[in-house]
Amino acid sequence: MSGRFITVEGIEGVGKSTNVRWLAERLRVRGIDVLVTREPGGTPLAERLRDVLLHAEEAVPPVAELLLMFAARAVHLENQIRPALAAGRWVVCDRFTDATRAYQGGGRGEAGERIEQLAEWVHGDLTPARTVLLDAPVDVALARTRDRGSEDRFERESLAFFGRVRAAYLAIAAREPSRVVTIDATAPLTQVQSRLDQILDEILSKSS
Ligand code: TMP
């Protein structure tokens, strides 16, 4: 059932939201019923955890950040993602466990082994069929977010932090080339979207 589960990843400012909407729209025009969702969040309770994670009023120890990410994910999986997949729907999710590997692992320095144990515990049976990694140099990507107004806990992080996050994402893509497709997010949008169309064609030809 994970054949219909697609995730989109990347640091802030690479155009995730636009391309998540595009992917969903392209599936819908093919007559496919798709749930578009995001992490952290995607259900009322998980959205409350998102608010805590993005706007906490006190310091959040890295271990608490890691556990809250997985707590939100467990809620989202049980109450939203699994029921949708079980009903035969497709799911396009803006971020999933690769974001934890990249931000809490690469960015905060939490041990990869611990993250994998939590991933196994929370969703050992479920891995995205395809993950689109939108990649851009940190300075280019962040320049796009800095005009968006008030920043959350992650957006206030340093260039060095996002450099580690990006490197961790690229390492995942190098490790899992059959799942993770990297797209150059600095390319013109039409080029990015025609690559997304090709990816959908490949997934659909495999699942039919
Ligand atoms: P978004 O604004 O791109 O939706 O993501 C919210 C922030 O949460 C973003 O800065 C990345 C961060 N995040 C993590 O640190 N770990 C995770 O597992 C997820 C899903 C998001």
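That block above? That's the structure.
Residues numbered from 1 in each chain as written. Predicted model: local features only at pLDDT ≥ 70, side-chain atom pairs only at ≥ 80, totals over all residues. Heavy atoms only, no water.

Our next topic: the overall build of the protein chain. Within the protein chain one finds eight helices and five strands. For 208 residues, the compact-globule estimate of 2.2 N^0.38 gives 17 Å, and the protein chain sits close to it at 16 Å. Along the first, second and third principal axes, the C-alpha set of the protein chain runs to 50 × 35 × 30 Å. Residue burial in the protein chain is summarised as follows: out of 208 residues, 51% are buried. (Helix = DSSP H or I, 4+ residues; strand = E, 2+ residues; numbered from the N terminus. Rg over C-alpha atoms; globule rule 2.2 N^0.38 Å. Buried < 20%, exposed > 50% of the residue type's maximum accessible area, 1.4 Å probe, protein only.)

A few words on the pattern of salt bridges. Enumeration according to the criterion identifies 18 salt bridges in this entry. Asp33 is the partner of Arg89 in a salt bridge, and the nearest nitrogen-oxygen pair spans 3.1 Å. With Arg89 in the loop between helix H3 (62-86) and strand E3 (90-94) and Asp33 in the loop between helix H1 (16-29) and strand E2 (34-38), this pair connects stretches of sequence that are 56 residues apart. Residue Arg89 is classed as partly exposed on the basis of its relative accessible area, which comes to 25%. Here Asp33 falls in the partly exposed class, since its relative accessible area comes to 45%. Put simply, Glu176 and Arg179 hold a salt bridge, and the shortest N to O gap is 2.9 Å. Counted as one network, the salt bridges with shared partners bring together Asp98, Arg101, Glu116, Glu176 and Arg179. (Salt bridge = Lys/Arg side-chain N within 4 Å of Asp/Glu carboxyl O.)

Here the focus is the environment of Ser150. Tracing the sequence through the fold places Ser150 in the loop between helix H6 (138-145) and helix H7 (159-175). Along the backbone, Ser150 and Glu39 are 111 residues apart, and their C-alpha atoms lie at a distance of 20 Å.

The subject of this paragraph is the pairing of E3. Most of E3 is tucked away, with five of its five residues classed as buried. The alternating pattern of E3 places Trp90, Val92 and Asp94 on one face and Val91 and Cys93 on the opposite face, and all of these are buried. Relative to E3, strand E1 (residues 5-9) runs parallel, the two being bridged by four bridges. Among the inter-strand pairings, Thr7 is bridged to a residue of E3, identified as Cys93. (Pairing = 2+ DSSP bridges.)

Here the focus is the packing of aromatic side chains. Enumeration according to the criterion identifies six aromatic pairs in this entry. Seen from their ring centres, Phe5 and Phe96 are 5.0 Å apart, and the 80 degrees between their planes marks the pair as edge-to-face. Separated by 91 residues along the polypeptide, Phe5 in strand E1 and Phe96 in the loop between E3 and helix H4 (97-107) bring together distant segments of the chain. Summarising the burial analysis for this pair, Phe5 and Phe96 share the class buried. Measuring from ring centre to ring centre gives 6.4 Å for Tyr103 and Phe162, while their planes differ by 85 degrees; the resulting arrangement is edge-to-face. Of this pair, Tyr103 sits in helix H4 while Phe162 sits in helix H7, placing them 59 residues apart in sequence. (Phe/Tyr/Trp six-rings, centres within 6.5 Å; stacked < 30°, edge-to-face > 60°.)

Right, let's get into the pairing of E1. The buried fraction of E1 amounts to five of the five residues, a majority that puts the element mostly inside the structure. The two faces of E1 match: Phe5, Thr7 and Glu9 on one face and Ile6 and Val8 on the other face are all buried. Of the pairings in the sheet, the one linking E1 to strand E4 (residues 130-135) comprises four bridges and is parallel in character. Its bridge partner lying in E4, Thr7 is registered against Thr131.

Our next topic: the site of the ligand. Taken together, 13 residues lie near the ligand, and Glu12, Lys16, Arg95, Thr100 and Gln104 sit nearest. Interatomic distance of 2.6 Å between a side-chain N/O atom of Glu12 and an oxygen atom of the ligand. Burial of the ligand by the protein chains amounts to 93% of its free accessible area of 480 Å². When atoms are counted within 2 Å of each cavity's grid points, the one that captures over half of the ligand is the largest pocket. Going through the elements one at a time, H3 and H4 are the ones with two or more residues in the shell around the ligand. Ranked by the residues each element gives to the shell around the ligand, the list is headed by H4, at four residues. Residue composition of the shell around the ligand, by class: five nonpolar, two polar and six charged. (Near = heavy atom within 4 Å. Polar contact = N/O pair within 3.5 Å; in protein donor to acceptor, adjacent residues only side chain to side chain. Areas by Shrake-Rupley, 256 points an atom, 1.4 Å probe, with all protein chains shown as cover. 1 Å grid on protein atoms, 1.4 Å probe; cavity = no way out; pocket = protein on both sides within 12 Å on 5 of 7 lines; lining within 4 Å. Sits in = over half its atoms within 2 Å of the grid points. Nonpolar A, V, L, I, M, F, W, Y, C, P; charged D, E, K, R; others polar.)

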